[in-house]
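# An overview of the molecular structure
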Amino acid sequence: MSQDWPMGQEPHAAVLVAQGLIEHPENLDHVLLDDEEGWFVSDGSEFGDDPELDGEQFATVCLHDVVELLPQLRALAKLPAGMGAEWDAGNGTWVLISPLVPSDDDEARAYREARAAAWPHAGSPMDEVNLSLGLMEISTAADAPARGVRYVSREEDGTWMFVGFEVPDPDEQTEVEVDTLELGHVAELYPDVVELLDAEPGEVFFREAPDAEWLQVINDGE
């Protein structure tokens, strides 16, 4: 692949695209990257139970042409397999999503079982965790600041919270706005938190800068 090619898949990889986007790319709604790194790009249309209707609504297009049509896809070059993102045209950002209702066929179940078996940390890679909103968004702006995790806590019940540097001081903001992703996806998006994923319930960590070492909070920060 060319050094200028941003995506992790080959330029001629087949992509399933809503037909309406070919004429009206401004109607982009969301994308999904399946477990085998195949892209699905939609204007809000979804697959149904009628193959003939699905064939009318969707077309197979090479990834290179899709990126030419929708250059904002470049910002998702490192999107982990099995994830998706919703397009926020007003803000020029992608909002990350982990599928909430995974497929339940034999192949999908086998994939989830293999993923869980390979997970080397506490819990499951499919566990739902909380992230501050800045960590959920990928901007397409050239001058957008890098996203990074500032604060990690594992609650007494075992649930996780990840807060980004867009929150000035998590200790002073008890009402941090959050959304959810799967823990395994967080580990792929933010690999510098992986060293903390065997934390015990009740442990909290923070760092002063994105390239700083993690420090453990003891006795509420004292």
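Under the annotation held in an unreviewed UniProt entry, the protein chain carries the name DUF2185 domain-containing protein and is attributed to Amycolatopsis albidoflavus.

Within the secondary structure layout, Pro201 lies in the loop between helix H6 (183-189) and strand E12 (204-206). Note on Pro201: relative accessible area 33%, which makes it partly exposed. For the pair formed by Pro201 and Ser153, sequence separation is 48 residues and the distance between their alpha carbons is 8.3 Å. If we skip the residues at most four places from it in the chain, Pro201 touches Arg154, Glu155 and Glu156.

Quick look at a negative patch on the surface now. A contiguous patch of negative charge on the surface is contributed by Asp34, Asp35, Glu36, Glu37, Asp105 and Glu107. The topology assignment puts Glu107 in helix H4 (residues 106-118). Owing to a relative accessible area of 57%, Glu107 belongs among the exposed residues under this scheme.

One non-glycine residue, Glu37, lies in the positive phi region at around 65°. With respect to the secondary-structure elements, Glu37 resides in the loop between strand E2 (30-33) and strand E3 (39-42). Using a relative accessible area of 38% as the deciding quantity, one classes Glu37 as partly exposed.

Once that is clear, we can look at the environment of Gln9. Counting through the fold element by element, Gln9 comes out in the segment before strand E1 (14-18). Gln9 sits in the buried class, given a relative accessible area of 9%. Each C-alpha atom, one on Gln9 and one on Ala77, is 8.7 Å from the other, the two residues being 68 residues apart in sequence. Of note is the side chain of Gln9, whose polar atom sits 2.8 Å from the side chain of Trp39.

Right, let's talk about the sheet that holds strand E10 (residues 160-164) for a bit. What the six strands build is an open sheet, ordered E11-E7-E10-E9-E12-E13; its pairing is mixed. Since the sheet does not close on itself, it has two edges, and those belong to strand E11 (178-182) and strand E13 (215-216), each with one partner. By the bridge criterion, five bridges tie strand E7 (residues 128-132) to E11 in an arrangement that is antiparallel. Within E11, the position partnered with Ser132 by the bridge is Val178.

Looking at the element boundaries, Arg115 is found in helix H4. Of note is the side chain of Arg115, whose polar atom sits 3.5 Å from the side chain of His185. Aside from chain neighbours lying at most four places away, what touches Arg115 is Pro125, Met126, Glu182, Gly184 and His185.

Going through the model one piece at a time under the given rule, you end up with two salt bridges. Note that Arg115 and Glu182 form a salt bridge whose closest N and O atoms lie 2.8 Å from each other. Within this pair, whereas Arg115 is found in helix H4, its partner Glu182 is found in strand E11, the two being separated by 67 residues in sequence. As far as the burial class goes, Arg115 and Glu182 line up, both buried. Among the ionic pairs, Arg207 bridges to Asp192, the shortest N-O distance being 2.7 Å.

Turning next to the pairing of strand E6 (residues 93-97). Where strand E5 (residues 84-88) meets E6, five bridges bridge the pair, whose relative direction is antiparallel. Within the sheet, the bridge partner assigned to Asp88 lies in E6 and is Thr93. Joining the antiparallel neighbours E5 and E6 is a turn of four residues, in which Gly92 adopts a positive phi near 65°. Sheet topology places E6 next to strand E8 (residues 137-139); three bridges connect them, and they run antiparallel. Bridging across to E8, Trp94 finds its partner in Ile138.

The next thing to look at is the packing of aromatic side chains. Each aromatic ring pair is summarised here by two numbers: the centre-to-centre distance and the angle between the ring planes. Inspection of every chain in the model, using the stated rule, returns three aromatic pairs. Geometrically, the ring pair formed by Phe40 and Phe58 is tilted, given 5.4 Å between the ring centres and 45° between the ring planes. Here Phe40, found in strand E3, pairs with Phe58, found in strand E4 (residues 58-62); they are 18 residues apart in sequence, far enough to count as distant. Given a relative accessible area of 6%, Phe58 falls into the buried group. Arranged with centres 5.8 Å apart and planes meeting at 15°, the rings of Trp160 and Phe162 form a pair that is stacked.

Rules used in this analysis
Residues numbered from 1 in each chain as written. Predicted model: local features only at pLDDT ≥ 70, side-chain atom pairs only at ≥ 80, totals over all residues. Heavy atoms only, no water. Helix = DSSP H or I, 4+ residues; strand = E, 2+ residues; numbered from the N terminus. Buried < 20%, exposed > 50% of the residue type's maximum accessible area, 1.4 Å probe, protein only. Contact = heavy atoms within 4.5 Å. Patch = residues over 30% accessible without salt bridge, like charges linked within 9 Å, V, L, I, M, F, W, Y side chains within 5 Å. Areas by Shrake-Rupley, 256 points an atom, 1.4 Å probe, with all protein chains shown as cover. Salt bridge = Lys/Arg side-chain N within 4 Å of Asp/Glu carboxyl O. Lys, Arg positive; Asp, Glu negative; His and termini not counted. Charge placed at Lys NZ, Arg CZ, Asp CG, Glu CD. Polar contact = N/O pair within 3.5 Å; in protein donor to acceptor, adjacent residues only side chain to side chain. Pairing = 2+ DSSP bridges. Phe/Tyr/Trp six-rings, centres within 6.5 Å; stacked < 30°, edge-to-face > 60°.

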